[in-house]
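# Chains, contacts and geometry: an overview
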Amino acid sequence: MNILIAGASGLVGKELVRSLSLTGKHKIRILTRSRAEYDKELSFPVEVFEWEPTKGYIDPKAIDDVDIVINLAGAGIADKRWSEARKKLIIDSRVMATKVLLNEIKRTGRTPKKFINASAIGLYGSTGELDIDENSASGSDFLAETCIAWENALLKEDIEGMSSYILRLGLVLSSKGGALAKMLPAFKLGIAGKIASGSQYMSWIHIDDLVKQFEHIINNDCKDKIYNAVAPKAASNTQFTKTLGKVLKRPTMIPLPEVAAKVILGELSVLVTQGQKVIPRNFLDLDFPFKHPNLEDALRDLLKSELKGEKIFHVYQWINRTPEEIFDFFSDEKNLELITPESLEFKVVRKSTEAIEQDTFIDYKIKIHGIPCKWKTHISDFQKNITFVDEQMIGPYKNWKHRHNFIPLNGGTLIEDYIEYKVPLGAIGNLITGSFIRKDITKIFSYRQKVIARTFS
């Protein structure tokens, strides 16, 4: 199918693009405010179209022959304190994005089979210990007002031949960002605890299950229009706090009083001091196969690298060349020098075999922030045109394992870099240098991807 995604740069959008692309079954289109920025680092084989929903503009070609529209667009709820201007932007960005898409569908007469709009369980307001499902009444606070306006922008339009669906998202748990990433520093330092009374419910969902819920709606004829996109069992803030502390093996004895949350966050504090006990009734009626229905299991899955003291760096890049061409490029060690920033003065000193192959050892010299460093790697896995793995034997990291995968996709190659690494001195090392190292790796791979894109353009 041809699938158009608005809001693809967010946490959920990125995972949805990844999952849908890797099936190899769909053609994905992206709406972005800056095509030039998106084209710099093309992670997946997608078509990119520009739009500016606040001005009512969308590239007229974006809707051509589209089967599915997925709208995730909207200003971040928790990105900034809620001034009156910010609240207006939060509502307008969602409503306008939805209306621009619908107006273009009506204008062109190019009607998709399905339009799937995101919303949020904030629609129900603060509901205490009541069990809430898709038939429950809406609330009357700002979050509820936002969600009602967002949903009505779609549901009040009746376009012949198009089915409309709403997924009301709960707290999305991911190892790649979002709320969990913001919680982790305090929990890892042992300075976290319940918020306010701790009795407010947190209706959460593992991001993998959320992506599969979107895919379920895409691939099936579903009778209901509204779906609560949450796990089957919500947790109170106290339960969530204790469970995360248990998984990380850290104490959770320092509470955040409600008055302090209000001082720190202002009106935004309702996101952490109030909640809903939401049940995904319509997904349960569909016998949706939740992979992570249990909170502790979900957190252990998301934090498995953290629990081993490891960090993960994981990026993709799609190139319109065959795996054979790309693999040959990486098999020449001189090209490793080409794709590394000049400031690192990266040089191959020697390798143990004439060509890179299984059990080749390679010695490099490199400068990290001007400090000379020796690096020796072992090619521990080598499958021509498919994958190879280099593992650090001598170097600046406690551990470093880098898997390069070359995946045939849409007539080109998806290069997948998956790195597991540990910094010296464990938790102390992570605390002192972790963020700097992450920024360095990100910059190196950004440079690397630009050179690779330019080389094979």
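Description of the structure in this document.

### Points about unusual backbone geometry
A positive phi angle, close to 60°, is found at K249, a residue other than glycine. Residue position: K249 is located in the loop between α7 (237–248) and α8 (258–265). Judged by relative accessible area, which is 71%, K249 ranks as exposed. The phi torsion at D287 lies on the positive side, around 55°, for a residue other than glycine. As for its placement among the helices and strands, D287 is situated in the loop between α10 (281–285) and α11 (295–302).

### Quick look at the side chain of D67
Take D67: it is sitting in the loop between β4 (57–58) and β5 (68–71). Here the side chain of D67 touches N2 through a polar contact of 2.8 Å, landing on its backbone nitrogen.

### So, the pairing of strand β6 (residues 114–120)
Counted residue by residue, β6 has six buried out of seven residues, so it is predominantly covered. In this region the chain leaves β5, passes through helix α3 (residues 84–108) and returns to the parallel neighbour β6; the handedness of that crossover is right-handed. Note: β6 against strand β8 (residues 163–169), seven bridges, orientation parallel. Its bridge partner lying in β8, K114 is registered against S163.

### A short note on the sheet that holds strand β1 (residues 2–6)
The strand order β4-β3-β2-β1-β5-β6-β8-β12 describes an open sheet built from eight strands, whose pairing is mixed. Because the sheet does not close on itself, it has two edges, and the strands there are β4 and β12 (226–229). Bridging between β5 and β6 involves four bridges; their strand directions are parallel. Across the sheet, I68 pairs through a bridge with K114, a residue of β6. Helix-sheet contacts for α3 involve β1, β2 (27–32), β3 (46–52), β4, β5 and β6, and the interaxial angle to β6 is about 170°.

### Observations regarding the pairing of β3
Of the strand pairs in this sheet, β2 and β3 are connected by five bridges, and their pairing is parallel. For I30, the partnering residue across the bridge sits in β3 and is V48. The sheet contact formed by β3 and β4 spans two bridges and is antiparallel. When the bridges of β4 are listed, W51 appears paired with I58. Linking β3 to β4, which pair antiparallel, is a turn of four residues; within it G56 sits at a positive phi near 75°.

### Here's the deal with the pattern of salt bridges
Summed over the entire model, instances satisfying the criterion amount to 32 salt bridges. Here E52 ties to R33 by a salt bridge, and the two come within 3.4 Å at their closest N and O atoms. Residue E52 is located in strand β3, and its partner R33 is located in the loop between β2 and α2 (35–40); the two are separated by 19 residues in the primary sequence. The salt bridge partner of D131 is K277, with a shortest N-O separation of 3.4 Å. One end of the pair, D131, is in strand β7 (residues 131–132); the other, K277, is in strand β14 (residues 277–278), and 146 residues separate them in sequence. Residue D131 is classed as partly exposed on the basis of its relative accessible area of 47%. The partly exposed category is assigned to K277, whose relative accessible area is 25%. When salt bridges that share partners are traced, they join E15, R18 and K176 into one network.

Calculation rules
Residues numbered from 1 in each chain as written. Predicted model: local features only at pLDDT ≥ 70, side-chain atom pairs only at ≥ 80, totals over all residues. Heavy atoms only, no water. Helix = DSSP H or I, 4+ residues; strand = E, 2+ residues; numbered from the N terminus. Buried < 20%, exposed > 50% of the residue type's maximum accessible area, 1.4 Å probe, protein only. Polar contact = N/O pair within 3.5 Å; in protein donor to acceptor, adjacent residues only side chain to side chain. Right-handed = clockwise from strand over helix to strand, strands pointing away. Pairing = 2+ DSSP bridges. Contact = heavy atoms within 4.5 Å. Axes fitted to C-alpha atoms, helices over the stretch in contact; angles between N-to-C directions. Salt bridge = Lys/Arg side-chain N within 4 Å of Asp/Glu carboxyl O.

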